[in-house]
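# Structure assessment
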Amino acid sequence: MTASLIDGKAFAATVREHVASLVAGVKAEHRITPGLAVVLVGEDPASQVYVRNKGIQTVEAGMASFEHKLPTGTSEADLLAMIARLNADPKVHGILVQLPLPGHIDPDLVINSIAPAKDVDGFHVSNVGLVSTGQKAMVPCTPLGCLMLLRDHLGSLSGLNAVVVGRSNIVGKPMAQLLLKDSATVTIAHSRSRDLPEICRRADILVAAVGRPEMIHGDWIRLGATVIDVGINRIERDGKTRLVGDVDFASTAQVAGAITPVPGGVGPMTIACLLANTLTACCRAHG
Ligand code: GUN
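- Taking an unreviewed UniProt entry as the reference, the protein is identified by name as Bifunctional protein FolD belonging to Paracoccus halophilus.
- Recorded in UniProt for the protein, the comment headed Subunit (unreviewed entry) runs: "Homodimer."
- Entered under Pathway (unreviewed entry) in the UniProt record, the comment concerning the protein runs "One-carbon metabolism; tetrahydrofolate interconversion."

Spelled out as structure tokens, the structure:
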């Protein structure tokens with residue numbers, strides 16, 4: 001292996017410590033406790049793990065955690081009514097509705113019912129528009145975490161060729177906007193892009209967020225490139241369940257200059273940025 005490891009787990013711990021110290025200051029000086037409400041509809045096991053971790057880390061940072069677990073059969077109207085109550089609750093500064101939602105609920109309708117100032121996921125169309133025009137916004141947590149790792153590792157991103165593989169609203173599209181704002185030259189590619197290996201080989205920065213286990217191989221990578229692997233895929237190998245990214249780690253690490261591992265790379269940054277967004281929402285709400 002020639003690539004250096006980008007240690008997202010360690011970086012996320014420093015972000016969480018920083019947030020916790022700022023939270024302690026807000027509580028001491030202003031007698032306000034930042035609060036995050038997380039809403040989970042249904043029984044999806046992966047979502048249950050994510051929501052539990054968010055709750056634990058919220059409390060560890062000194063913030064208030066409000067968990068709302070609703071049955072799979074919850075109606076869209078009831079979910080919208082709960083969000084309206086959270087929007088009006090002064091103890092709640094951030095609201096996150098865990099995705100995916102059950103099929104009978106329209107996720108766009110639900111997300112756009114969250115007050116934009118409390119939308120700590122940054123998924124509301126108002127925040128999407130603000131991010132894409134470079135204005136003050138709630139920035140989606142996973143792309144924000146990737147950007148922090150890239151800035152920490154590379155310094156300036158200006159003029160670099162960045163390729164984002166994946167076009168989701170949660171990661172691919174906002175990631176591209178943030179890289180563009182940092183003056184990278186950005187290409188958005190995806191699973192149907194023609195000559196995908198060729199496009200990837202042009203990347204000084206490659207962000208893989210395509211949701212396909214180990215799709216990107218070492219021979220797609222430019223020598224010395226910085227590779228950010230957003231994928232978290234569960235696969236069976238040698239009779240064991242393993243977590244792998246969208247990048248084939250072994251072959252890519254032979255060519256890249258630096259790479260995030262899975263697990264321990266981007267994943268921990270997402271929750272750290274969620275805590276940071278909740279604190280930001282609280283500070284903005286109180287002027
Ligand atoms: N499901 C998977 N990732 C996310 C995320 O970042 N936010 C929410 N709300 N749901 C998710």
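Having put the structure on the table, let's press on.
### Considerations on the confidence of the model for the protein
- Overall, the predicted model of the protein reaches an average pLDDT of 97, with 100% of residues at or above 70.
- In the predicted complex, the global pTM is 0.97; the interface-specific ipTM is 0.97.

### Quick notes on the site of the ligand
- In the vicinity of the ligand, the residues found are Leu96, Val97, Gln98, Leu99, Asp121, Cys141, Thr142, Ile170 and Thr270.
- Contributions of two or more residues to the shell around the ligand are made by strand S4 (94-97) and helix H6 (141-154).
- Split into classes, the residues belonging to the shell around the ligand amount to five nonpolar, three polar and one charged.
- Residue assignment places the shell around the ligand across two domains, with domain 1 (30-117) and domain 2 (141-268) each supplying three or more.

### Brief notes about the environment of Asp229
- With respect to the secondary-structure elements, Asp229 resides in strand S8 (residues 226-229).
- Residue Asp229 is classed as buried on the basis of its 28 C-beta neighbours within 10 Å.
- Separated by 131 residues in the primary sequence, Asp229 and Gln98 place their C-alpha atoms 22 Å from one another.
- In contact with Asp229, other than residues within four places in its own chain, are Ala208, Gly245, Asp246, Val247, Ile259, Thr260, Val262, Gly265 and Val266.

### Comments concerning the sheet that holds S4
- Read across the open sheet, the three strands follow the order S3-S2-S4; overall the sheet is parallel. Edge positions in the sheet fall to strand S3 (64-70) and S4, since each of these pairs with one other strand and no more. Neighbour-to-neighbour, the strand axes of the sheet open up by a mean angle of 15°, direction not taken into account.
- With seven bridges connecting them, strand S2 (residues 35-41) and S3 associate as parallel partners. When the sheet's bridge partners are listed, Gly35 is paired in S3 with Ala64.
- Here helix H2 (residues 45-60) sits on the sheet in contact with S2 and S3, set at roughly 170° to S2.

### Some words on the UniProt feature "domain: Tetrahydrofolate dehydrogenase/cyclohydrolase catalytic" (unreviewed entry) in the protein
- What UniProt calls "domain: Tetrahydrofolate dehydrogenase/cyclohydrolase catalytic" (unreviewed entry) maps, in this numbering, to residues 6-121.
- Within the segment residues 6-121, helix and strand shares are 49% and 16% respectively, and the terminal C-alpha atoms sit 24 Å apart.

### Thoughts on the environment of Val120
- Tracing the backbone shows Val120 in the loop between helix H4 (107-111) and helix H5 (125-132).
- Along the primary structure Val120 and Leu274 are separated by 154 residues, whereas in three dimensions their C-alpha atoms are 6.5 Å apart.
- Here Val120 is in contact with Leu36, Gly94, Ile95, Leu96, Met138, Leu274, Asn277, Thr278 and Ala281, once residues within four sequence places are set aside.

### Things to note about the UniProt feature "domain: Tetrahydrofolate dehydrogenase/cyclohydrolase NAD(P)-binding" (unreviewed entry) in the protein
- Those residues carrying the UniProt feature "domain: Tetrahydrofolate dehydrogenase/cyclohydrolase NAD(P)-binding" (unreviewed entry) are residues 140-284 in this numbering.
- End C-alpha to end C-alpha, residues 140-284 measures 17 Å, and it is 36% helix and 21% strand.

What counts, and at which threshold
Residues numbered from 1 in each chain as written. Predicted model: local features only at pLDDT ≥ 70, side-chain atom pairs only at ≥ 80, totals over all residues. UniProt positions renumbered as here; feature names shortened; annotations may be inferred. pLDDT = per-residue confidence, 0-100. Near = placed C-beta within 6 Å. Helix = DSSP H or I, 4+ residues; strand = E, 2+ residues; numbered from the N terminus. Nonpolar A, V, L, I, M, F, W, Y, C, P; charged D, E, K, R; others polar. Domains from an automatic or database assignment. Buried ≥ 20, exposed ≤ 12 C-beta atoms within 10 Å, placed from the backbone. Contact = placed C-beta atoms within 7 Å. Pairing = 2+ DSSP bridges. Axes fitted to C-alpha atoms, helices over the stretch in contact; angles between N-to-C directions.

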